[in-house]
Amino acid sequence: MKKIAVLFMAFFTIVNLFSQELETKKPKIGLVLSGGGAKGFAHIGVLKVLEQAGVKIDYIGGTSMGAVIGGLYASGYKARQIDSIFRATDFDALLSDYVARSSKNFYEKRNDEMYAFTLPFKKLKIGVPTSLSKGLYNYNLLNKLTYSVRHVRDFNQLPIPFLCIATDIETGEEVLLNKGYLARAMLASGAFPTLFSPIEIDGKLLVDGGVTNNFPVEELKN
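A brief look at the structure comes next. (Residues numbered from 1 in each chain as written. Predicted model: local features only at pLDDT ≥ 70, side-chain atom pairs only at ≥ 80, totals over all residues. Heavy atoms only, no water.)

### Comments concerning the overall build of the chain
Basically, it comes down to this: In DSSP terms, a helix is any run of H or I states spanning at least four residues, a strand is any run of E spanning at least two, and both are numbered starting from the N terminus. Accessibility here uses a 1.4 Å probe with only protein chains present; expressed as a share of the type maximum, an area under 20% marks a residue as buried, one over 50% as exposed, and anything in between as partly exposed. Contact between two residues is taken to exist if any of their heavy atoms lie within 4.5 Å; hydrogens are not considered.
Counting its secondary structure elements, the chain contains 9 helices and 8 strands. In the chain, buried positions account for 36% of the 222 residues. Pairs at least 24 residues apart make up 69% of the contacts formed inside the chain by residues separated by at least 6 positions.

Written out as structure tokens, the structure is:
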């Protein structure tokens, strides 16, 4: 009888410990970063505070500026590193789509010297620029920053699983980006209409995700 009692107590202890382990198991934490242009820089401060508190982010998603910062964080950068990157970024060059003169051909160099700016000419009519930037400088910069994960095509395989949102300019529908080239996805999510040219991905012309979904909480939950 004593043996049975001891076995029963041992079994109860094991079950009780297992139950406590389930109760104390940490939940998965997802972080969503919204768009908002320069206001998006506040996301860096949020990431710093979370790191100081010891909060581990298991999934991250974002739109526009939130996609850029979220994508960098997902690729392995820490908050202080992202802060240093943005402090060192030449935003005048970013907006003007600066390309080094050494990288231009003869005609591009000549045009830079002859003209202050150009206007589109279609059907015998002069139009206005469709965007201030074609995004080449931005793409080169993001490509360089995400070089360490250049081989990753499924964003779930990044150091932190990541997704971002863009908008199909032809249909006006939301487009979820969680596969492909990380730099191109980040660029598409932040391609603010008239400021940056649309980015083509899988045959779709994509612009800023803030047009359709500036805070993709449900997408990250899914």
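### Focus: the side chain of Asp 208
Positionally, Asp 208 belongs in strand E8 (residues 204-208). Setting aside residues up to four positions removed in sequence, Asp 208 forms contacts with Thr 63, Ser 64, Thr 167, Ala 188, Ser 189, Gly 190, Ala 191, Phe 192 and Pro 193.

### Quick look at helix H3 (residues 65-74)
Where burial is concerned, most of H3 is hidden: 10 out of the 10 residues are buried. Among the residues making up H3, those that are buried are Met 65, Gly 66, Ala 67, Val 68, Ile 69, Gly 70, Gly 71, Leu 72, Tyr 73 and Ala 74.

### Brief notes about helix H2 (residues 42-52)
Note the cut-off: It is the directions from the helix axis to the C-beta atoms whose arc is reported.
Of all the positions in H2, only His 43, Ile 44 and Leu 47 are classed as buried. Relative to the axis of H2, the buried residues are bounded by an arc of 105° and lie together on one face. Set apart from the buried face of H2 by more than 90 degrees, the exposed residues are Val 49 and Gln 52. Its buried side turned inward, H2 meets strand E1 (30-33), H3 and helix H4 (79-88). Within two residues after H2, Gly 54 carries a phi angle of roughly 80°, on the positive side.

### Digging into unusual backbone geometry
Positive phi, close to 60°, is recorded for Ser 64, a residue that is not glycine. Examined against the element boundaries, Ser 64 turns out to sit in the loop between strand E2 (59-63) and H3. Among the residues examined, Ser 64 registers a relative accessible area of 9% and is labelled buried. Even without a glycine there, the phi angle at Asp 202 is positive, about 55°.

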